[in-house]
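Listed below, chain by chain, are the residues.
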Amino acid sequence: MRDKRFADPGPTTGSGVITAKILRPGADNRAWPGWQAQTVLNRMTETFTIAHLTDVHLSPVAGFTPRYWNLKRMAGLLNWHSKRRGVHSRAVADLLVADAKALRADHVVITGDLINLGLPAEYVSALEWLQAIGPPERVTVIPGNHDIYSSLHGDAGVTRWAAYMGGEAETLAFPFVRRFGPVALIGLNSAVETPPFAASGQLGPDQIEVTRDLLERLHDDDAIRVVLIHHPPLAGLTSARRALKDVKLFQRMLEKTGAELVLYGHNHKPLLTWLETVNGPLAVIGGASASAARLYKNDPLAQYNLFTFFKSEEGLRIRQIVRGLERPDGPVVKLSERVLEKR
Ligand SMILES: [Fe+2]
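What you see is a predicted model; the values in this text were computed from it and never measured.

About the thresholds
Residues numbered from 1 in each chain as written. Predicted model: local features only at pLDDT ≥ 70, side-chain atom pairs only at ≥ 80, totals over all residues. Helix = DSSP H or I, 4+ residues; strand = E, 2+ residues; numbered from the N terminus. Expected span 1.5 Å × (residues − 1). Buried ≥ 20, exposed ≤ 12 C-beta atoms within 10 Å, placed from the backbone. Arc of directions from axis to C-beta. Contact = placed C-beta atoms within 7 Å. Pairing = 2+ DSSP bridges. Axes fitted to C-alpha atoms, helices over the stretch in contact; angles between N-to-C directions. Core = buried A, V, L, I, M, F, W, Y, C linked by C-beta atoms within 7 Å. pLDDT = per-residue confidence, 0-100.

Student: Can you break down helix H4 (residues 205-220) residue by residue, with the values?
Tutor: Over its 16 residues, H4 runs 23 Å from end to end, which matches the ideal 22 Å to within 8%, given 1.5 Å per residue. What H4 keeps buried is the set Gln207, Val210, Thr211, Leu214, Leu215 and Leu218. Buried positions in H4, seen along its axis, are confined to an arc of 140 degrees and lie on one side of it. Contacts made by the buried residues of H4 are with strand E4 (176-180), strand E5 (183-187), strand E6 (224-228) and helix H5 (247-257).

Student: Please set out the sheet that holds E4 residue by residue, giving values where relevant.
Tutor: The strand order E4-E5-E6-E7-E9-E8 describes an open sheet built from six strands, whose pairing is mixed. Of all the strands in the sheet, the pair left with one neighbour each is E4 and strand E8 (271-277). Mean inter-strand twist for the sheet, computed between neighbouring axes without regard to direction, equals 20 degrees. Summarising the sheet, E6 and strand E7 (residues 261-264) pair through three bridges and their orientation is parallel. What sits directly across from Leu228, in E7, is Leu263. Most of the contacts of H4 go to E5, to which it runs at about 180 degrees, and overall it touches E4, E5 and E6. The sheet strands contacting H5 are E8 and strand E9 (280-286), and the helix crosses E8 at an angle near 60 degrees.

Student: So what about the environment of Leu263? Which residues, and what values?
Tutor: In this fold, Leu263 is placed in strand E7. Leu263 sits in the buried class, given 25 other C-beta atoms within 10 Å. For the pair Leu263 and Pro232, spaced 31 residues apart in the sequence, the C-alpha separation amounts to 8.7 Å. Residues within four places of Leu263 in sequence aside, it is in contact with His52, Val109, Thr111, Val226, Leu228, Ile285 and Gly287.

Student: Explain the environment of Leu254 to me, and be specific about the residues and the numbers.
Tutor: Position of Leu254 relative to the elements: it lies in helix H5. Placed 24 residues apart in sequence, Leu254 and Val278 show a C-alpha to C-alpha distance of 8.9 Å. Those residues in contact with Leu254, other than ones at most four positions away along the chain, are Pro233, Ala259, Leu275, Thr277 and Leu282.

Student: Explain the pairing of strand E11 (residues 315-325) to me, using residue names and the numbers behind them.
Tutor: Within a regular strand, the side chains alternate between the two sheet faces. Inspection of the sheet shows strand E10 (residues 303-312) paired to E11 by ten bridges, in the antiparallel sense. Across the sheet, the residue bridging to Phe309 is Ile318, located in E11. Hairpin connection between E10 and E11: a loop of two residues separates the two successive antiparallel strands. One ladder, built from ten bridges, connects E11 with strand E12 (residues 332-342); its direction is antiparallel. Pairing of Ile318 across the sheet is with Leu340, part of E12. As consecutive antiparallel partners, E11 and E12 are separated by six residues, and within that stretch Asp329 has a phi angle of approximately 65 degrees, a positive value.

Student: Outline the nonpolar core, listing residues and values.
Tutor: Ranked by internal contacts, the top residues of the largest apolar core, which has 89 residues, are Leu96, Ile186, Val226, Leu228 and Val262. Top contributing element to this core by residue count: helix H2 (residues 90-102), with six residues. Discounting chain neighbours no more than four positions away, the residues touching Leu96 are Leu53, Ala290, Ala302, Tyr304, Gly324 and Val332.

Student: Requested: an account of the sheet that holds E12, with residues and values cited.
Tutor: Across the sheet, which stays open at both edges, the six strands sit in the order E3-E2-E1-E10-E11-E12 with mixed pairing between neighbours. The open sheet has two free edges, formed respectively by strand E3 (139-141) and E12, since each of these has just one partner strand. The sheet shows a mean angle of 20 degrees between the axes of neighbouring strands, direction not considered. Relative to E10, strand E1 (residues 48-53) runs antiparallel, the two sharing five bridges. Each residue of the ladder has a partner; that of Phe48, found in E10, is Phe309.

Student: Which residues make up the confidence of the model for the protein, and what are the values?
Tutor: When pLDDT is averaged along the protein, the result is 88; 87% of the residues meet or exceed 70. Note on residues 1-13: pLDDT is under 50 here. Beyond four places in sequence and across chains, it has 26 contacts. Within the model, pLDDT remains below 50 along residues 23-44, and this stretch shows 39 contacts once partners closer than five positions in the same chain are excluded.

Student: Explain the pairing of E1 to me, and be specific about the residues and the numbers.
Tutor: Pairing of E1 with strand E2 (residues 107-110), which is carried by four bridges, proceeds in the parallel orientation. By the bridge assignment for E2, Leu53 is matched with Ile110.

Right under this line is the structure:
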């Protein structure tokens, strides 16, 4: 039987995004909109491969009309023109997506920052980009801080992508779960509107608690739990200005529930960190930007991850192949390969 605590489909933020709010027993409980019940497979009969892309920052930045002018977007626009515009290339992102499809990835996940200034034209354009990758059954997205950016004056914003976030426009909620055979994708929203020059995030205690419940249930179902979050989910992985404000609470939750894999973006750098949990070591993996056509600071050129899950009596093996550009204007090639083992 389902727990008495349910995620409430409200209230919405200024960006029209709903994050989990727990109603205590006795309150007016409603159905859990993010949940998609599907048959659970206890044993994997075939492998499943996820392509993980992040921080594509699609160009062009269009539609910056006076209605959307404010200090946050002005600062963001300056930053875009002085730095990011020369780095991020939609054509490169498309190259990586084509590569993932050619290698027969079963599903594509994108851990946020699809756009730049949170403008209506950018959301529309990014939706078209998602549709070009594939239908919602093949693609999962979560928002990044550039996707929930600043005041939208009633525009639908990121809810345009709801079908790719396990919901529909009127029922989009976080966390969401999408089941694909033995794999469960748990999508979180760490993005909140912030003041100019800040890029921090926050999950909120209710989203963390609902996620904990989900992870425990999915563990009981023997699912391969893949958590998707934009901001680095462990303490110390970025500066306070760019960090998840409740990172310690979230990390403690992960230590208690475990998971099989956590994927994040935001830093534009590839990194594997192991977290000790009750279910053994958990691989927490950050991705490079999937659209970097030029070197910028210490960030690498565009990359993406291919994760293939192999489950057996002995445990779980996750093969990680990193593919991307070795040189600007070069082809997409294999950059590295390793196997993450969980027993
Ligand atoms: Fe970000």
